Every structure is written in C-alpha cells, then in structure tokens.
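Fold and contact review
One letter stands for each residue in the lines below.
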Amino acid sequence: MKEIFLCAINNILSGVCKEDCKFCTQSIRYHADIERYTYKKIDDIVAEAKIAKSNGALGYCLVTAGKGLDDKKLEFVAKTAKAIKAQVSELNLIACNGTANKEQLKYLKESGVDSYNHNLETSQRYYSEICSTHSWEERYETCENVKSVGLDLCCGGIFGMGETDKDRDDLLHSIASLSPQSTPLNFYHPNPALPIKSRNIELAEALDIIKKAHNLLGEDRLLMVAGGRELLFTNHEKEMFEAGANSIVIGDYLTTKGIKAEIDRDRLKQLGYQIATRCSTD
Ligand code: SF4
C-alpha cells in the first residue's frame, strides 16, 4: 500500500521581509492583509510541533520571513530546533530561513536541524520577472551549501506565476540537478495585493508537472504537493498521488489557511493510502 508522508510548517517569524518577490505576501512592499510578527515564543512553537506530531506529521518546518539568516535569527532558529528535539521525538526538523552560508548551515545542523528548505522558485530565465532584489544564482548557491555541510536538501518551486512550459521544464531540471531528498511543488495562490494577479495553471498541467518531477527525481525521493493544493487538487487527490506525489503539507501554510489535518487523514484513508510513520522512502 502506498505510504503518504505528512509535513507541517510553522511560520516562526512572519511578514517582515524587505525583498520584492512578486508572489509573496510576506514582502512589506505589497501591504497584503496578513498576520505579521517577529520572533514567536519558543514554548508555543514546541507546543505546536507536538500537535503536528500527534496529527501524523513526520516533517516539521521552521520558516522565517526575510532574505536570509543574520546572527539573531540564526540563534533563534538554533534554540528553537534544540527545544523541539529535546521535547518531541522522531520529528524530522527542516529549517527554511532563506539565503544561508556554510557556517550558518553547519550551526543549524549541530543544533538538531535535519534538512534545509530553499526553493529555486522558478526557472533561471524567468526569475528576474518575479524578483529583482536577489538572484536565482544566489538561491542555487544556498542549495549547494546545504548539501556541502551534510544537511538533507528540500528544494522545489512555484508553478502558475506566468511562466511558460519551457520555464517549468527548466525549473524541474534545475531542481533535479541538485538531487534533493524532498521537493515541494507549490501552485501559485493569487492575492489581490500581489503584483502577479492570476494563476496560469490548470489541473491537467499540474498533474503533468508532478509526473515529470517524479520521473526526474526518482521513486526514492519525497515529492510533496504543498501550497495551492486545495485550489487545484480538491477531489482530485487520487490523480495527484497516482501522478507521483507521495507527500503533502498538513494544516495551515505560511499565510494561507490549509485543510484541517483530520480531514486530510480521513481522505487518505478513504483513498486507500497509509500515513507514513518513518521519514524514509526505503
Ligand atoms: S525573500 Fe522570502 S519572505 Fe522575502 S519576499 Fe521573497 S519569498 Fe517572501
């Protein structure tokens, strides 16, 4: 029976980013109507990690808004990781904190972080259309840094931001060139405040992307459908898993609501899938 891996995310520092990524409500430039806060209380994050674990999450991702890590943010993520590892067993900890150098990543690894998530977002060619404040190459370099310090790499992107079919293929090939352990596929969720006004992707194209990603990345990797799942795959979950997805994000996303974890768990059961209980596809 096919196993599905569940992952949960926690936005531990939200909505205070100076960068101009046109798909992101956390940029302060677009004044999107989202909750914004600096450092969440570590005790609260640990309590939320316990809930995610009890909902079946094997992966738990600590996300901070902003271009990358500075000393204060690094220390905060490291302390949070240590607190979670001390109090919640068998949870794969993923940090997602933007651009990072090798020293910072080594420190996170020593603090209990297992994987680092950094997405390429779109193709190298299209990237300048969606962001002008940092480069695609810088993103790629952070992904290489992740691998060089021995952290697992989680690397994916966003589809439906106005890119062409060729951009989609190029993005998938660039992701595959990094051979990540897991790949989140996000589908753009339009917000009236953002410069990218609509999503140019339909269900059939999204399924095709999952199939291509599955073929390129291989059976033994985690292929996660993350943001935008509800918009495209509600009542099409079986097709999504049959196309090659083997992982989903449960609960809320960074700034948008997700499906309640119980509903996802019931749906997986109805479809005849098992919820994975250990974090490996071996
Ligand atoms: S750097 Fe990250 S948090 Fe900042 S605007 Fe871009 S995607 Fe959003």
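This report concerns the structure included in the present document. All of these numbers come straight from a predicted model, not from anything done at the bench.

Let us now look at unusual backbone geometry. The phi torsion of most residues other than glycine is negative, and most of the peptide bonds are trans. Its identity is not glycine, yet Glu90 carries a phi of approximately 50°, on the positive side. On the secondary structure map, Glu90 appears in the loop between helix 2 (71–87) and strand 3 (92–96). Although it is not a glycine, Ser179 sits at a positive phi angle of roughly 50°. Here Ser179 is to be found in the loop between helix 6 (165–177) and strand 7 (182–187).

Attention shifts here to the packing of helix 2 against helix 3 (residues 102–110). The N-to-C vectors of helix 2 and helix 3 enclose an angle of 20°; their axes lie 9 Å apart at closest approach. The orientation of helix 2 relative to helix 3 falls into the category roughly parallel. As helix 2 packs across helix 3, the resulting crossing turns out to be right-handed. Of the residues in helix 3, those in contact with Leu74, Val77, Ala78 and Ala81 of helix 2 are Gln104, Tyr107 and Leu108. A breakdown of the residues in the contact of helix 2 with helix 3 according to their chemical character gives six nonpolar, one polar and no charged.

Here we take up the site of the ligand. Every residue lining the ligand is accounted for by Cys17, Glu19, Cys21, Cys24, Gln26, Ser27, Ala65, Gly66, Lys67 and Gly98. Looking at the shell around the ligand, its residues break down into four nonpolar, four polar and two charged.

Quick look at the packing of helix 1 (residues 42–54) against helix 2 now. Two numbers describe how helix 1 lies on helix 2: the axes approach to 10 Å, and their chain directions differ by 45°. Viewed along their axes, helix 1 and helix 2 adopt a mutual orientation that is oblique. Judged by the sense of rotation from one axis to the other, the crossing of helix 1 with helix 2 is right-handed. Side by side, helix 1 and helix 2 meet where Ile42, Ile45, Val46 and Ala49 of the first sit next to Lys79, Thr80, Ala83, Ile84 and Gln87 of the second. For the contact of helix 1 with helix 2, the residue count by class is six nonpolar, two polar and one charged.

Thresholds, definitions, all that
- Residues numbered from 1 in each chain as written.
- Predicted model: local features only at pLDDT ≥ 70, side-chain atom pairs only at ≥ 80, totals over all residues.
- Helix = DSSP H or I, 4+ residues; strand = E, 2+ residues; numbered from the N terminus.
- Axes fitted to C-alpha atoms, helices over the stretch in contact; angles between N-to-C directions.
- Parallel < 35°, antiparallel > 145°, perpendicular 65-115°, else oblique.
- Left-handed = near helix turned anticlockwise from the far one by under 90°.
- Contact = placed C-beta atoms within 7 Å.
- Nonpolar A, V, L, I, M, F, W, Y, C, P; charged D, E, K, R; others polar.
- Near = placed C-beta within 6 Å.

Without other data, these values stay purely geometric and don't point to any function.
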